[in-house]
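Spelled out from the first residue to the last, the chains are:
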Amino acid sequence: FRSAPLPISARFAAFLLRAAGLVTLGQLAPPLNLNAATIALGLEEVNKELPAEVRGAMGCPFDFNAYKDRGEVYGITRVSRRPELFGLLFLSLGGAVLATTATQEAFY
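No experiment lies behind these values; they were computed from the predicted model shown. (Residues numbered from 1 in each chain as written. Predicted model: local features only at pLDDT ≥ 70, side-chain atom pairs only at ≥ 80, totals over all residues. Heavy atoms only, no water.)

**Concerning a nonpolar patch on the surface**
Applied cut-off: Patches were defined on residues exceeding 30% relative accessible area and lacking a salt bridge, with like-charge contacts within 9 Å and nonpolar side-chain contacts (Val, Leu, Ile, Met, Phe, Trp, Tyr) within 5 Å. In these tables, accessible area is a Shrake-Rupley quantity obtained with a 1.4 Å probe, and a residue counts as shielded only by the protein chains included in the view. The rule for a salt bridge is simple: a side-chain nitrogen of Lys or Arg has to be within 4 Å of a carboxyl oxygen of Asp or Glu. Residue burial is assigned from relative accessible area. The probe radius is 1.4 Å, only protein chains are included, and a residue is buried under 20% of its type maximum, exposed over 50%, and partly exposed in between.
A cluster of nonpolar side chains, namely Leu32, Leu34, Phe62 and Phe64, defines an oily patch on the protein surface of about 490 Å² accessible area. Under the relative-accessibility criterion, Phe64 is labelled exposed at 60%.

Following this line, the structure appears as structure tokens:
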């Protein structure tokens, strides 16, 4: 399929596409709950009088309720309704630019 080395412009385009995909996907992750580590290690005790949902959320390493007051549309979802699809698209296009065989092209 392609035996010559890729030009630097193609490698740079692939880098930019993959970087855009990873940045887009990175925006979807919930923030980390750093206080959960002290609970998991037993350094801090959770109040037993709290409801089970609250105690469970305090021990979870991801804070899924951090942005509940912002509504449904915030962050990367202001740019696109389906940021996960665009992130995967950019990531795959970056791989397709670097592909050297027909099998690799079909994979991406």
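Right, picking up where we left off after that structure.
**Side note on the packing of helix α1 (residues 8-26) against helix α4 (residues 83-98)**
Each packed pair of helices is defined by two parameters, the angle between the axes and the distance between the axes. Basically, it comes down to this: Under this scheme, a helix contributes an axis fitted over its contacting stretch, all axes are lines through C-alpha atoms, and angles between N-to-C directions fall in the 0 to 180 degree range. Under the DSSP-based scheme used, a helix requires at least four consecutive residues in state H or I and a strand at least two consecutive residues in state E, with every element numbered from the N terminus. Note on terminology: angles under 35 degrees are roughly parallel, angles over 145 are roughly antiparallel, angles of 65 to 115 are roughly perpendicular, and the others are oblique. Crossing handedness: left-handed means the near helix sits turned counterclockwise from the far one by under a right angle, and right-handed means the same turn made clockwise. Contacts were defined at the residue level, with two residues in contact if any of their heavy atoms lie within 4.5 Å. Each residue receives one of three labels: charged for Asp, Glu, Lys and Arg, nonpolar for Ala, Val, Leu, Ile, Met, Phe, Trp, Tyr, Cys and Pro, and polar for the others, Gly being one of them.
Packing of α1 against α4 leaves a shortest axis separation of 7 Å and a crossing angle of 160°. Taken as axis vectors, α1 and α4 run roughly antiparallel relative to one another. Once α1 is placed against α4, the crossing between them reads as left-handed. Side by side, α1 and α4 meet where Ala10, Arg11, Ala14, Leu17, Arg18, Ala20, Gly21, Leu22, Thr24 and Leu25 of the first sit next to Pro83, Glu84, Gly87, Leu88, Phe90, Leu91, Leu93, Gly94, Gly95, Val97 and Leu98 of the second. In terms of residue class, the contact of α1 with α4 is made up of 13 nonpolar, five polar and three charged.

**Focus: α1**
As a reminder, the rule being used: An expected span of 1.5 Å times one less than the residue number is assigned to each helix. Taking the helix axis as origin, the arc is that swept by the directions to the C-beta atoms.
With 19 residues, α1 extends 26 Å between its outermost C-alpha atoms, agreeing within 8% with the 27 Å of an ideal straight helix rising 1.5 Å per residue. Within the sequence span of α1, burial applies to Ala10, Ala14, Gly21 and Thr24. The arc enclosing the buried residues of α1, seen along the axis, measures out at 100°, which places them on a common side. Projecting away from the buried face of α1 at angles above 90 degrees are the exposed residues Ile8, Ser9, Phe12, Phe15, Leu22 and Val23. Looking at the buried residues of α1, the elements they touch are α4.

Take it as geometry only, folks, not as evidence of what the structure does.
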